[in-house]
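Notes for the structure review
Residue strings, one per chain:
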Amino acid sequence: MDDIKMNSTLERLVEIAKNEEVPVYTIAVSTKDGIENATVNPGNPCQNAYSVAKFFCVTAVGMLYDDGKLTPEDNLADIFAEEFKEYGIDSTPWKKVTLHHLMRHRAGFEHGFLDIDVEDCTKYETQDFLKKALSEPLVYEPGEKSVYTDAAFYLVSRVVAKVSGIPLDNLLIDRLFNKIDCREVAFSKCPAGHFMGATGLYIRSRDMVKLGRIYLDGGCYNGQRIISEEWIKMVIENNYELNRCGSGYAKGGMRGQKLYVNFDKDIAIAWHSYDNKGKTGAFNEVL
């Protein structure tokens with residue numbers, strides 16, 4: 001374990017991890033006094049955050065919202081009008097599908113797909129993942145039913161790229177990671193070179209927790225404006241990949257990854273895990 005003087009929350013989490021053999025690699029805690037982190041089990045320092053990546057995508061949408069370029073009510077038929085025409089796909093069902101629906105997993109898909117962590121997407125009939133997503137039947141009315149799927153956030157990634165003119169990962173590097181002194185970050189991409197959006201963000205816990213600090217500090221990091229307070233309020237009110245967890249809010253990922261924020265306690269916590277049996281639930285008493 002790192003030889004550091006830990007704050008009480010970090011110390012307690014490390015104690016739980018050791019005593020209950022919670023399989024985490026690293027834990028980072030951000031308080032008003034700064035960020036502290038500890039290594040519980042050695043591993044690659046830059047780990048896949050899995051679905052925590054979705055929350056970073058939500059933040060990218062917020063940046064474009066603040067720029068006046070995008071709103072949650074924008075529909076997919078308008079955004080991808082050229083692509084629907086190119087692919088020969090009827091865009092009518094997509095006229096009701098908005099970014100709001102995508103970020104709530106309520107676009108109308110019947111099942112999950114484009115999940116590169118658990119399925120072999122090389123077996124798809126096309127390696128054009130945008131065509132694959134837009135071709136998928138919408139069996140439910142948008143907003144009717146929640147069906148969790150990584151396809152929703154692949155579409156979010158492509159929306160951000162289409163509207164901003166640059167890939168979502170480049171947008172995040174320029175407007176987030178470079179401003180928070182992120183030590184190391186990498187992205188899983190589709191065959192066309194776009195960030196998958198839903199997963200495949202490789203980042204250190206110490207850097208991942210900084211996004212939580214931004215939300216705690218009203219959208220700023222060390223005095224730099226990253227996103228607006230208005231967007232943060234919209235994220236909380238609409239559960240855009242930040243849901244109730246204990247007395248705070250969190251976004252989790254496969255194998256126990258988590259980014260947690262508590263506005264009342266002014267604390268953010270992030271960890272990377274190789275938990276396959278839900279053992280990180282032992283941390284709930286601290287959260």
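What comes next is a walk through the structure. (Residues numbered from 1 in each chain as written. Predicted model: local features only at pLDDT ≥ 70, side-chain atom pairs only at ≥ 80, totals over all residues. Heavy atoms only, no water.)

Quick look at the overall build of the protein
In terms of regular secondary structure, the protein is built from 10 helices and 11 strands. The C-alpha atoms of the protein give a radius of gyration of 19 Å, which matches the 19 Å a tight globule of 287 residues would have. Across its three principal axes, the protein shows a C-alpha extent of roughly 60 × 40 × 30 Å. Out of the 287 residues belonging to the protein, those deemed buried represent 57%. Pairs at least 24 residues apart make up 67% of the contacts formed inside the protein by residues separated by at least 6 positions. Within the structure as shown, the protein displays about 12500 Å² of accessible surface, and the carbon and sulfur contribution to it stands at 43%. With 34 positive and 42 negative side-chain charges, the protein shows a spacing of 1 Å between the two charge centroids. (Helix = DSSP H or I, 4+ residues; strand = E, 2+ residues; numbered from the N terminus. Rg over C-alpha atoms; globule rule 2.2 N^0.38 Å. Buried < 20%, exposed > 50% of the residue type's maximum accessible area, 1.4 Å probe, protein only. Contact = heavy atoms within 4.5 Å. Areas by Shrake-Rupley, 256 points an atom, 1.4 Å probe, with all protein chains shown as cover. Lys, Arg positive; Asp, Glu negative; His and termini not counted. Charge placed at Lys NZ, Arg CZ, Asp CG, Glu CD.)

Structural notes on the sheet that holds strand S3 (residues 47–48)
In space, the three strands of this open sheet follow the order S3-S5-S4, with antiparallel pairing throughout. Strands with a single pairing partner mark the edges of an open sheet, and in this sheet they are S3 and strand S4 (185–187). Pairing analysis gives two bridges linking S3 to strand S5 (residues 201–203), with the strands arranged antiparallel. The partner of glutamine 47 across the bridge, within S5, is isoleucine 203. (Pairing = 2+ DSSP bridges.)

Some thoughts on the sheet that holds strand S1 (residues 24–31)
If you walk across this open sheet you meet the six strands as S2-S1-S11-S10-S9-S8, and the pairing is antiparallel. Every interior strand has two partners, whereas the edge strands, strand S2 (34–39) and strand S8 (243–245), have only one. Going across the sheet, the axis of each strand differs from the next one's by a mean of 25 degrees, ignoring polarity. Of the pairings in the sheet, the one linking S1 to S2 comprises six bridges and is antiparallel in character. Of the residues in S2, the one forming a bridge with threonine 31 is glycine 34. Packing against the sheet, helix H1 (residues 8–19) makes contact with S1, S2 and strand S11 (267–273), and its axis sits at approximately 165 degrees to S1. (Axes fitted to C-alpha atoms, helices over the stretch in contact; angles between N-to-C directions.)

Some points on the nonpolar core
Ranked by internal contacts, the top residues of the largest apolar core, which has 79 residues, are Phe56, Leu176, Phe177 and Trp231. If you tally residues by element for this core, the top one is helix H2 (residues 53–66), at 10 residues. Judged by nonpolar contacts, the second largest core, of 21 residues, contains Leu10, Val29, Ile267 and Val286. (Core = buried A, V, L, I, M, F, W, Y, C linked by side-chain atoms within 4.5 Å.)

Section: helix H7 (residues 150–164)
With 15 residues, H7 should cover 21 Å at 1.5 Å per step; its first-to-last C-alpha distance of 21 Å lies within 8% of that length. Across the 15 residues of H7, 13 count as buried, placing the element largely inside the fold. Measuring from the side-chain oxygen of the N-cap residue of H7 to the backbone nitrogen of alanine 151 gives 3.1 Å; that N-cap residue is threonine 149. (Expected span 1.5 Å × (residues − 1). Polar contact = N/O pair within 3.5 Å; in protein donor to acceptor, adjacent residues only side chain to side chain.)

Digging into the side chain of lysine 54
Tracing the chain through its elements places lysine 54 in helix H2. Apart from the residues within four sequence positions on either side, lysine 54 is in contact with His105, Tyr148, Asp150, Phe153, Gly197, Ala198, Glu241 and Lys251.

Some points on empty space enclosed by the protein
Counted according to the given criterion, the structure contains one cavity of 30 Å³ or more. A volume near 30 Å³ is recorded for the largest cavity. For the largest cavity, the full set of lining residues is His105, Arg106, Ala107, Gly108, Phe109, Val147, Thr149 and Ala152. Among the residues making up the lining of the largest cavity, the classes are represented as four nonpolar, three polar and one charged. (1 Å grid on protein atoms, 1.4 Å probe; cavity = no way out; pocket = protein on both sides within 12 Å on 5 of 7 lines; lining within 4 Å. Points joined across faces, edges and corners; volume = space filled by probe spheres on them. Nonpolar A, V, L, I, M, F, W, Y, C, P; charged D, E, K, R; others polar.)

Regarding unusual backbone geometry
A negative phi angle characterises most non-glycine residues, just as the trans form characterises most peptide bonds. The phi torsion at aspartate 181 lies on the positive side, around 55 degrees, for a residue other than glycine. With respect to the element layout, aspartate 181 can be found in the loop between helix H8 (168–175) and S4. By relative accessible area, which is 59% here, aspartate 181 ends up exposed. Although it is not a glycine, asparagine 239 sits at a positive phi angle of roughly 55 degrees. Looking at the element boundaries, asparagine 239 is found in the loop between helix H10 (229–238) and S8.

Describing the layout of surface pockets
Here the largest pocket is characterised by a volume of approximately 170 Å³. Taken together, 12 residues line the largest pocket, and the ones lying closest to its centre are Asn37, Pro45, Arg204, Ser205 and Arg206. If you list the elements that add at least two residues to the lining of the largest pocket, you get S2 and helix H9 (205–216). When residues in the lining of the largest pocket are grouped by element, the largest group, four residues, is from H9. Here the residues of the lining of the largest pocket sort into one nonpolar, four polar and seven charged.

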